Amino acid sequence: MSRVNDAPVVAVPVSRATGVMVAVLRVGVALMWIQNVAWKIPPDFGRAQENGLYSWASEAIAHPVLPPYSSLVEAVILPNIEVFGWFTLLVEGGLGAFLLIGLATRFWAVVGIGQTLAITLSVLFAPNEWHWSYYLMALAHLAIFATAAGRSYGIDGVLRQQWVQSSGRAARLMMRLS
């Protein structure tokens, strides 16, 4: 038991079944991001045929959720879809890869919440969209963050003891990100 601000901090034991379920959640969310990278196709990300990422981003204008966000999409994102497309591809690819291996999972859970928010603001009111899918995506990322899911059958769990014992800046950073 250690003390932080004179309050005792006790580690809660995690059963094997709980650890497995946390890992299953993390891997499932990772696979969702990996699958969704597949239709974000460079170099124009659907601008020429008005499909793909370009089309889905356009939903923010056609069916606004938050008018200032719709204005941002119209004035900045769509005219520069190639830049934002590559950024989206890299972020979502990173989300999938890092959550899959369980490295820096708390950081990537926060990134996932941000990306989920951007997607939600783009398509929440689009026809035939089920709004709960976006709420559930956000809740899944909150669960990954809250459980430090990479510590369950992930690289965070394998390397955490080394990070605890190290006094280096990188190790302290990884402790925070995991």
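Use the structure listed above.
Summary of the structure given here. Treat the numbers as computed from the prediction; the structure is a model and nothing was measured. (Residues numbered from 1 in each chain as written. Predicted model: local features only at pLDDT ≥ 70, side-chain atom pairs only at ≥ 80, totals over all residues. Heavy atoms only, no water.)

Within the chain, the secondary structure is distributed over eight helices and two strands. Moving toward the C terminus, one meets the helices and strands of the chain in the order β-β-α-α-α-α-α-α-α-α. Overall, the C-alpha framework of the chain stretches about 55 × 30 × 30 Å when taken along its three principal axes. When the 178 residues of the chain are sorted by exposure, 35% land in the buried category. Partitioning the contacts of the chain with sequence separation of at least 6, the portion at a separation of at least 24 is 68%. Surface summary for the chain: the accessible area is close to 10500 Å², and the carbon and sulfur share equals 67%. The centroid of the 11 positive side-chain charges in the chain is displaced by 23 Å from the centroid of its 9 negative side-chain charges. (Helix = DSSP H or I, 4+ residues; strand = E, 2+ residues; numbered from the N terminus. Buried < 20%, exposed > 50% of the residue type's maximum accessible area, 1.4 Å probe, protein only. Contact = heavy atoms within 4.5 Å. Areas by Shrake-Rupley, 256 points an atom, 1.4 Å probe, with all protein chains shown as cover. Lys, Arg positive; Asp, Glu negative; His and termini not counted. Charge placed at Lys NZ, Arg CZ, Asp CG, Glu CD.)

Counting residues in hydrophobic clusters, the biggest one holds 23 residues, and the most contacted among them are Val29, Trp33, Leu95, Leu99, Trp108 and Ile144. Broken down by secondary-structure element, the contributors of at least two residues to this core are helix H1 (16–37), helix H4 (81–101), helix H5 (105–123), helix H6 (131–147) and helix H8 (169–177). For leucine 99, the contacting residues outside a window of four places in its chain are Arg26, Val29, Ala30, Trp33, Gly94, Thr105, Trp108, His141 and Ile144. Ranked by size, the runner-up nonpolar core spans 13 residues in total, among them Leu53, Tyr69, Val73 and Ile77. (Core = buried A, V, L, I, M, F, W, Y, C linked by side-chain atoms within 4.5 Å.)

Another aspect to go through is the pattern of salt bridges. In total, this model carries two salt bridges according to the counting rule given. In this structure, lysine 40 engages glutamate 92 in a salt bridge whose closest nitrogen and oxygen atoms are separated by 2.8 Å. One end of the pair, lysine 40, is in the loop between H1 and helix H2 (52–62); the other, glutamate 92, is in helix H4, with 52 residues separating them in the sequence. With a closest N to O distance of 2.9 Å, glutamate 82 and arginine 47 form a salt bridge. Taken together, the residues glutamate 82 in helix H4 and arginine 47 in the loop between H1 and H2 connect sequence positions 35 residues apart. Overall, glutamate 82 belongs to the partly exposed group, its relative accessible area being 28%. Classification of arginine 47 as partly exposed rests on a relative accessible area of 27%. (Salt bridge = Lys/Arg side-chain N within 4 Å of Asp/Glu carboxyl O.)

Next up on the list: the packing of aromatic side chains. In this description, a pair of aromatic rings is defined by centroid distance and the angle of the planes. Tallied over the entire structure, the rule returns four aromatic pairs. When the centroid spacing of 5.2 Å and the interplanar angle of 85° are considered together, the rings of phenylalanine 107 and tryptophan 108 count as edge-to-face. A relative accessible area of 13% places tryptophan 108 in the buried class. Ring-pair connections join several aromatic residues into one group, and the members of that group are Phe98, Phe107 and Trp108. Across the ring face of tryptophan 39, the terminal group of lysine 40 is positioned such that the distance to the ring centre comes to 3.8 Å. When the ring centre of phenylalanine 145 is taken as reference, the NZ or CZ atom of arginine 106 above it lies at 5.1 Å. (Phe/Tyr/Trp six-rings, centres within 6.5 Å; stacked < 30°, edge-to-face > 60°. Lys NZ or Arg CZ within 6 Å of the ring centre and 35° of its normal.)

Structurally, tryptophan 33 can be placed in helix H1. When sequence neighbours within four positions are dropped, the list of residues in contact with tryptophan 33 reads Glu92, Leu95, Gly96, Leu99, Gly112, Gln115, Thr116, Ile119, Met137 and His141.

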